[in-house]
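A structural walkthrough
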Amino acid sequence: MGERVLVIGAGYLAGHVGQRLQALGHQAVLSSRRRPATPESRGLGWLPVDVAEPESLRAAVAEAAPDAVVTVHGPSDITWCEANPEQAMAAHQGGARHLAEALGGRRALMISTDNVFPGRKDSCAESEPTEPANVYGRVKLAAEDSLLATGNAVALRVSLVYGWDRAGLRPNFFTTCAQRLGAGQPVAVPGDHWNSPVLVDDVAAWTAALLHSEHTGVVHLGGPRRLTRVEWARHIATGYGVDPDLVSAAPQHSTAYACRPRNACLHSERASGIAELRGLEPADVFEASSKLIATGEETQ
């Protein structure tokens, strides 16, 4: 018999997590300040919630009566967080603290970030000491601490998430590049900024698997390929049959990615020992990108 899962958040990633849980026979309910209207939220329940208000969270938990909770709450705009550190901390760490108080011992999973590391190493595993590269990394790490202190939580740190997201407020890197390059328009992206991108479907699959395991603590999910955004964008251009030279390399410091760690890559030392993750190896970004281009948005 499926479980009731409350998802704190209702954006792109939260919707995919909800859809994965629903497909596995669970009852997923999204929650946010405004009712979602994205493709990922269709067919899922929804409750109003403001993570900054403890009573709002308590009311949502009481109404949903969940067996477990997944939190994907924002704000997730890294540049905005850099300019608004106090508001970002109040939303992320404050929201996580309020949620921890409302859980009452329930199982919880928080989706976190690679920005908790400084970016000096090519890739970071769970044992690497944290040293946030920016405000977003600091507030996410504080949120992790609040939830992990309950003793029944997992912080799933993920690398750059991608997939079709044309309906989102800030479409992800793959979607943005695919739209521009598919229309024959040039793009300028960092050639000195590395990622290990992970498909949104893989994040949703790992979230559901870990939520229904007994594992606690930190787990990393990064894709198997480390690459620059220039390499990725040129692969996307090739997929559309347009000139890869439409993609030009720009220094990271001159772009919207300036405050990100130079190496925003993750790998896991723990995943191979977690039985629930067997058969859920993350997709290669080149293979998955080609498939997304070939199928359009049919995967949604």
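Residues numbered from 1 in each chain as written. Predicted model: local features only at pLDDT ≥ 70, side-chain atom pairs only at ≥ 80, totals over all residues. Heavy atoms only, no water.

In the annotation of an unreviewed UniProt entry, the chain is listed under the name SDR family oxidoreductase and assigned to Allokutzneria oryzae.

So, the pairing of strand 11 (residues 217-221)
In terms of burial, strand 11 is a largely internal element, four of the five residues being buried. Note: strand 6 (residues 153-158) against strand 11, five bridges, orientation parallel. Residue pairing for strand 11: Ala155 is matched across the bridge by Val218. (Buried < 20%, exposed > 50% of the residue type's maximum accessible area, 1.4 Å probe, protein only. Helix = DSSP H or I, 4+ residues; strand = E, 2+ residues; numbered from the N terminus. Pairing = 2+ DSSP bridges.)

Some remarks on the pattern of salt bridges
Here the structure, examined in full by the defined rule, presents seven salt bridges. Residue Glu131 is joined to Arg120 by a salt bridge in which the shortest nitrogen-to-oxygen separation is 2.6 Å. Remark: Arg120 occurs in the loop between strand 5 (107-113) and helix 5 (135-148) and Glu131 occurs in the loop between strand 5 and helix 5; sequence separation between them is eleven residues. Overall, the relative accessible area of 39% leaves Glu131 in the partly exposed class. Asp122 is the salt-bridge partner of Arg226, the closest N and O atoms lying 3.4 Å from each other. Taken as a pair, Arg226 in the loop between strand 11 and strand 12 (227-228) and Asp122 in the loop between strand 5 and helix 5 lie far apart in primary sequence, 104 residues in all. With relative accessibility at 37%, the residue Arg226 sits in the partly exposed group. A relative accessible area of 49% places Asp122 in the partly exposed class. (Salt bridge = Lys/Arg side-chain N within 4 Å of Asp/Glu carboxyl O.)

Looking at the sheet that holds strand 9 (residues 194-195)
Pairing is mixed in the open sheet, where three strands are placed in the order 12-9-14. The sheet is open, and its two borders are formed by strand 12 and strand 14 (263-264), each paired with just one other strand. In this structure, strand 9 lies alongside strand 14, joined through two bridges in parallel fashion. Counterpart to Asn195 in the pairing with strand 14 is Ala264.

Overview of the UniProt feature "domain: RmlD-like substrate binding" (unreviewed entry) in the chain
Per the UniProt record, "domain: RmlD-like substrate binding" (unreviewed entry) is found at residues 4-272. Secondary structure across residues 4-272 comprises 35% helix and 20% strand; the distance between its end C-alpha atoms is 28 Å. (UniProt positions renumbered as here; feature names shortened; annotations may be inferred.)

Notes on the side chain of Arg260
Among the secondary structure elements, Arg260 is positioned in the loop between strand 13 (247-250) and strand 14. Asp77 provides the closest opposite charge to the buried, unpaired Arg260, separated from it by 5.5 Å. Within polar-contact distance, the side chain of Arg260 engages the backbone oxygen of Ala256 at 2.8 Å. In this view, Arg260 contacts Ile78, Thr79, Asn115, Asn134, His193 and Gln252; residues no more than four positions away in its chain are not counted. (Lys, Arg positive; Asp, Glu negative; His and termini not counted. Polar contact = N/O pair within 3.5 Å; in protein donor to acceptor, adjacent residues only side chain to side chain. Contact = heavy atoms within 4.5 Å.)

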